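# Residue-level structural notes
Chain residues, written in single-letter form:
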Amino acid sequence: MSKVLILAGDFSETLEVFYPYERLREEGYEPVIAAPTKKRLQFVVHDFEGYDTFTEKLGHGWNADIALADVNPSDYVALVVPGGRAPEYLRNNEDVKRIVKHFFGEDSPVAVTCHGPIILAKAGVLEGRTTSGFPEIAADIEAGGGTYQNSEALVDGNLVSSRAWNDNGPWFGKFIALLREKAPLSA
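Predicted model, so just to flag it, every value in this text is computed and none were measured.

Cut-offs applied
Per-chain numbering applies: the sequence of each chain, read as written, is numbered from 1 onward. Reporting of local features is limited, given that this is a predicted model, to residues whose pLDDT is at least 70; pairs of side-chain atoms are given and counted only at 80 or more, and all residues count toward the totals for whole chains, interfaces and linings. Side-chain measures were taken over the full set of non-hydrogen atoms in the model, leaving aside hydrogen atoms and water. What makes a nonpolar core is a set of buried Ala, Val, Leu, Ile, Met, Phe, Trp, Tyr and Cys residues whose side-chain atoms join them at distances within 4.5 Å. In this scheme, a residue with accessible area under 20% of its type's maximum is buried, one over 50% is exposed, and one in between is partly exposed, where area comes from a 1.4 Å probe on protein chains only. Secondary structure elements are taken from DSSP: a helix is a run of H or I of four residues or more, a strand is a run of E of two residues or more, and numbering for both begins at the N terminus. What makes two residues a contact is simply this: any of their non-hydrogen atoms within 4.5 Å. Salt bridge criterion: a side-chain nitrogen from Lys or Arg within 4 Å of a carboxyl oxygen from Asp or Glu. The rule for pairing is simple: two strands pair if DSSP sees at least two bridges between them. Lines fitted to C-alpha atoms define the axes, with helix axes restricted to the stretch in contact, and inter-axis angles between N-to-C directions lie between 0 and 180 degrees.

## Looking at the nonpolar core
Core analysis: the biggest nonpolar cluster contains 31 residues, and Leu5, Leu7, Leu79, Ile99, Val100 and Leu120 have the highest contact counts within it. Elements supplying a minimum of two residues to this core: strand 1 (3-7), strand 2 (30-35), strand 6 (78-81), helix 3 (94-105), strand 7 (110-113), helix 4 (117-123) and helix 5 (138-143). Aside from chain neighbours lying at most four places away, what touches Ile99 is Leu5, Leu7, Leu68, Val71, Pro73 and Leu79. By size, the runner-up hydrophobic cluster in this structure holds 24 residues, among which are Phe18, Tyr21, Tyr29 and Ile176.

This is the structure we're talking about:
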């Protein structure tokens with residue numbers, strides 16, 4: 001079965017991990033969650049309740065399948081980078097940067113949402129690229145060499161991006177189409 005890597009950590013956004021996870025399973029791909037260590041992760045739920053920013057509540061817990069240091073990116077056909085708070089510290093992890101650079105170097109499908117693009121910026125793969133993301137990280141994307149575009153589902157080559165979990169349907173629909181094209185399941 002073709003495997004797709006999902007980068008996660010404590011305080012990843014629940015809906016940005018579980019929606020891709022289940023859609024990938026529906027399509028016949030094997031989702032694999034990679035985190036700094038192989039342990040039970042604590043996800044969060046971000047909601048928009050009329051404040052100047054989102055609120056954050058504890059979400060579901062879920063076990064990581066593999067530690068980042070043990071990931072051989074060549075074992076995977078695509079990469080998913082959810083948002084939430086986890087990208088704040090994951091972007092500094094050398095294994096995360098190694099993994100992200102591999103997928104961009106191979107022109108493999110990459111899905112990113114919410115605060116996930118700050119990982120791509122830190123990995124140095126946004127130069128000349130246009131990406132969406134949570135609007136408040138536009139400056140981070142631009143500082144990383146990319147161009148920010150406010151979009152629910154933006155495709156730029158192998159990269160499919162969106163603003164947040166409320167864009168999951170359009171975002172992941174475009175990613176699945178790219179995945180079928182670039183990494184079809186073998187019969």
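## Observations regarding the side chain of Ser108
Mapping Ser108 onto the fold places it in the loop between helix 3 and strand 7. Excluding its chain neighbours within four sequence positions, the residues that come into contact with Ser108 are Val77, Phe103 and Asn158.

## Quick look at the pattern of salt bridges
Scanning the model with the defined rule gives twelve salt bridges in all. The shortest N-O distance in the salt bridge between Asp10 and Lys39 comes to 2.6 Å. Here Lys39 lies in the loop between strand 2 and strand 3 (40-47) and Asp10 lies in the loop between strand 1 and helix 1 (14-27), a separation of 29 residues in the sequence. A salt bridge links Glu88 to Arg85; its shortest N-O distance comes to 3.4 Å. Note on Arg85: relative accessible area 33%, which makes it partly exposed.

## Section: unusual backbone geometry
Unlike most non-glycine residues, Phe11 shows phi in positive territory, near 70°. In this model, Asp107 sits at a positive phi of 60°, which is unusual for a non-glycine residue. Among the secondary structure elements, Asp107 is positioned in the loop between helix 3 and strand 7.

## So, the sheet that holds strand 10 (residues 154-156)
Strand order in the open sheet made by the seven strands is 5-2-1-6-7-11-10, with mixed pairing throughout. Taken across any chain shown, the strands that pair with only one partner, and hence form the sheet edges, are strand 5 (66-67) and strand 10. Here strand 1 runs beside strand 6; their pairing, made up of three bridges, is parallel. Looking at the pairing, Leu5 lines up with Leu79 of strand 6. Sheet strands touched by helix 1: strand 1, strand 2, strand 6 and strand 7. Its angle to strand 2, the strand with the most contacts, is close to 150°.

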